[in-house]
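# Summary of the model geometry
So you can see what is in the structure, the chains are spelled out below.
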Amino acid sequence: MNREKVQIFDTTLRDGEQVPGCKLDTNQKLVIANRLDEMGVDIIEAGFPVSSPGDFLSVSEISKVVKNAIVCGLTRAVKNDIDVAAQALKYAKRPRIHTGIGTSESHIVHKLNTTREDIIARAKFAVSHAKSYVEDVEFYAEDAGRTDNEFLARVCEEVIKSGATVLNIPDTTGYCLPEEYGAKIKYLKENVKGIDNVILSCHCHNDLGMATANSIAGAVNGARQIECTINGIGERAGNTALEEVVMIFKQHPYLNLDTNINTRQLNEMSRLVSESMGMIVQPNKAIVGANAFAHSSGIHQDGVIKNRATYEIMDPLEVGVNESSIVLTARSGRAALAYRAKKVGYELTKVQLDAVYLEFLRFADIKKEILDNDIHQIIEACKMNKELLLN
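About the criteria used
Residues numbered from 1 in each chain as written. Predicted model: local features only at pLDDT ≥ 70, side-chain atom pairs only at ≥ 80, totals over all residues. Heavy atoms only, no water. UniProt positions renumbered as here; feature names shortened; annotations may be inferred. Helix = DSSP H or I, 4+ residues; strand = E, 2+ residues; numbered from the N terminus. Buried < 20%, exposed > 50% of the residue type's maximum accessible area, 1.4 Å probe, protein only. Contact = heavy atoms within 4.5 Å. Areas by Shrake-Rupley, 256 points an atom, 1.4 Å probe, with all protein chains shown as cover. Lys, Arg positive; Asp, Glu negative; His and termini not counted. Charge placed at Lys NZ, Arg CZ, Asp CG, Glu CD. Axes fitted to C-alpha atoms, helices over the stretch in contact; angles between N-to-C directions. Parallel < 35°, antiparallel > 145°, perpendicular 65-115°, else oblique. Left-handed = near helix turned anticlockwise from the far one by under 90°. Nonpolar A, V, L, I, M, F, W, Y, C, P; charged D, E, K, R; others polar. Pairing = 2+ DSSP bridges. Domains from an automatic or database assignment. Buried area = accessible area lost by both parts, 1.4 Å probe. Salt bridge = Lys/Arg side-chain N within 4 Å of Asp/Glu carboxyl O. Polar contact = N/O pair within 3.5 Å; in protein donor to acceptor, adjacent residues only side chain to side chain.

- Taking an unreviewed UniProt entry as the reference, the protein is identified by name as 2-isopropylmalate synthase belonging to Flavobacterium sandaracinum.
- In its Pathway (unreviewed entry) section, the UniProt entry covering the protein states "Amino-acid biosynthesis; L-leucine biosynthesis; L-leucine from 3-methyl-2-oxobutanoate: step 1/4."
- Under the UniProt heading Sequence similarities (unreviewed entry), the entry covering the protein gives this text: "Belongs to the alpha-IPM synthase/homocitrate synthase family. LeuA type 1 subfamily."

Take a look at the structure:
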């Protein structure tokens, strides 16, 4: 059975760069954009052109070099924003303008100080004006996660009539539960005229730690684009992590969903973004964290040494990691010590292993982690104590 494609819309260079202290210059953005294109990202949101001359330049230069992906520029529902974005995107082989406006009561009343009817009028104008420049227009209903479904459906219907090709349904504040967000996408699929002629997109934030789960729920209920960032970086608590959604689809084939991403480039891509932005990836980060394929518990180590699948659901090679790590600590058992000793040249018998293990525990209670050089020291200490006879 052919699996349906979910387009990956990467916003590392726009939403990801909104993290305080993570500003990139144009050259850094060009390097990342090229690598995203090579990795198989479908859409690259290159920036917010009207926000600064530097962002305009970056979007323009990225438009010149990207060979395969759609290049997208963000705007508000403001004529000048759209005019500037169109100018910045003029060199793109496949340009997209991403425009929109807040649709929740909170945004309408407190942020925009207007009415629902005015929101609809401004949304229609923005999409129509963007459509005069490019064929591919994405509309975002900001704070859709907290927007009444019936009104959200009205807005979506009107912007489809105005020419929108993609509808972005953001959980801007990271508020929704996966069941709620999935139901919202399902409601739109079932209640918006013309919905089958456009792509529904998920843009979820991670304020309650549910960005990836919400995006998956959206895709299961009919969304065919997910907006995400490398390492899940982004405003406040971050965005949906690209590497997570891609591997979830890969590990759960029964969902019948897939992407164009070359997953073997994920680890290298993660490091590039981390180093460029000066944003350290937490060690326990799913897929790309330093500990994602590391084992220090003796029980787990014994299982992994015997058969990797006992404690790993992914082959590390699939995400660009050479091999799993057996980390020696005071929690490690004899199987792990024998495994690591063999790697540095010691084939221990059971009697020898018992002797070395006692010395190993003395070392491990002092040091957080036992390294290869420590193993040599442990062996030498056992020899000196005549607890071990090795050639």
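## Points about the overall build of the protein
- Along the protein, the regular secondary structure elements total 14 helices and 12 strands.
- With the C-alpha coordinates aligned to their principal axes, the bounding extent of the protein is approximately 85 × 45 × 40 Å.
- Across the 391 residues that make up the protein, the buried fraction comes to 54%.
- For the protein, restricting intrachain contacts to residue pairs at least 6 apart in sequence, the fraction spanning at least 24 positions comes to 72%.
- Here the protein has roughly 17800 Å² of accessible surface; of this, 51% comes from carbon and sulfur atoms.
- Within the protein, one finds 45 positive and 52 negative side-chain charges whose respective centroids are separated by 2 Å.

## A word on the packing of helix H7 (residues 178-191) against helix H8 (residues 211-220)
- Close contact between H7 and H8 brings their axes to 8 Å; oriented N to C, the two are set at 30°. It follows that H7 is roughly parallel to H8 by the angle criterion. Taken as a pair, H7 and H8 cross one another with a handedness that is right-handed. Each of Pro178, Tyr181, Gly182 and Ile185 in H7 lies in contact with H8, whose residues at this interface are Ala213, Asn214, Ala217 and Gly218.
- Residue classes in the contact of H7 with H8 are distributed as 5 nonpolar, 3 polar and no charged.

## A look at the sheet that holds strand S5 (residues 95-102)
- With respect to topology, 8 strands assemble into a closed barrel ordered S2-S3-S4-S5-S6-S7-S8-S9, the strand pairing being parallel. Here the average twist between neighbouring strands, direction ignored, is 25°.
- As paired strands, strand S6 (residues 136-142) and strand S7 (residues 166-171) are joined by 3 bridges and run parallel to one another. Opposite Glu138, over in S7, you have Val166 as the bridge partner.
- Contacting S6 and S7, helix H6 (residues 149-161) runs over the sheet at an angle of about 155° to S7.

## Quick look at unusual backbone geometry
- Residue Asn113 is not a glycine yet carries a positive backbone phi of 50°.
- Within the secondary structure, Asn113 sits in the loop between helix H4 (105-111) and helix H5 (116-131).
- Overall, Asn113 belongs to the exposed group, its relative accessible area being 68%.
- Of note in the backbone geometry, Asp143 takes a positive phi value of approximately 65° without being a glycine.
- Inspection of the secondary structure puts Asp143 in the loop between S6 and H6.
- Using a relative accessible area of 0% as the deciding quantity, one classes Asp143 as buried.

## Here we look at the domain arrangement of the protein
- With domains assigned, the protein is organised as domain 1 (4-277) and domain 2 (294-383).
- The gap between the C-alpha centroids of domain 1 and domain 2 is 44 Å.
- Counting from both sides, the interface comprises 7 residues of domain 1 and, opposite them, 7 residues of domain 2.
- Here domain 1 meets domain 2 over a buried area of about 640 Å², counting both sides, of which 48% is carbon and sulfur.
- With a closest N to O distance of 2.9 Å, Arg264 and Glu318 form a salt bridge.
- Joining domain 1 to domain 2, the criterion identifies 5 residue pairs in polar contact (both at pLDDT 80 or more).
- Taken together, the elements giving at least two residues each to the side of domain 1 that touches domain 2 come down to helix H9 (242-251) and helix H10 (266-277).

## Some remarks on the packing of H5 against H6
- Running from amino to carboxyl end, H5 crosses H6 at an angle of 30°, the nearest separation of the two axes being 9 Å. When the axes of H5 and H6 are compared, the pair comes out roughly parallel. Between H5 and H6 lies a crossing whose hand is right-handed. From H5, Arg116, Glu117, Ile119, Ile120, Ala123, Lys124 and Val127 reach across to H6, where they touch Phe151, Arg154, Val155, Glu158 and Val159.

## A look at the pairing of strand S2 (residues 7-10)
- Bridging between S2 and strand S9 (residues 225-228) involves 4 bridges; their strand directions are parallel. Across the sheet, the residue bridging to Phe9 is Glu227, located in S9.
- As paired elements, S2 and strand S3 (residues 43-47) share 2 bridges and run parallel to each other. Within S3, the residue paired with Phe9 across the bridge is Ile43.

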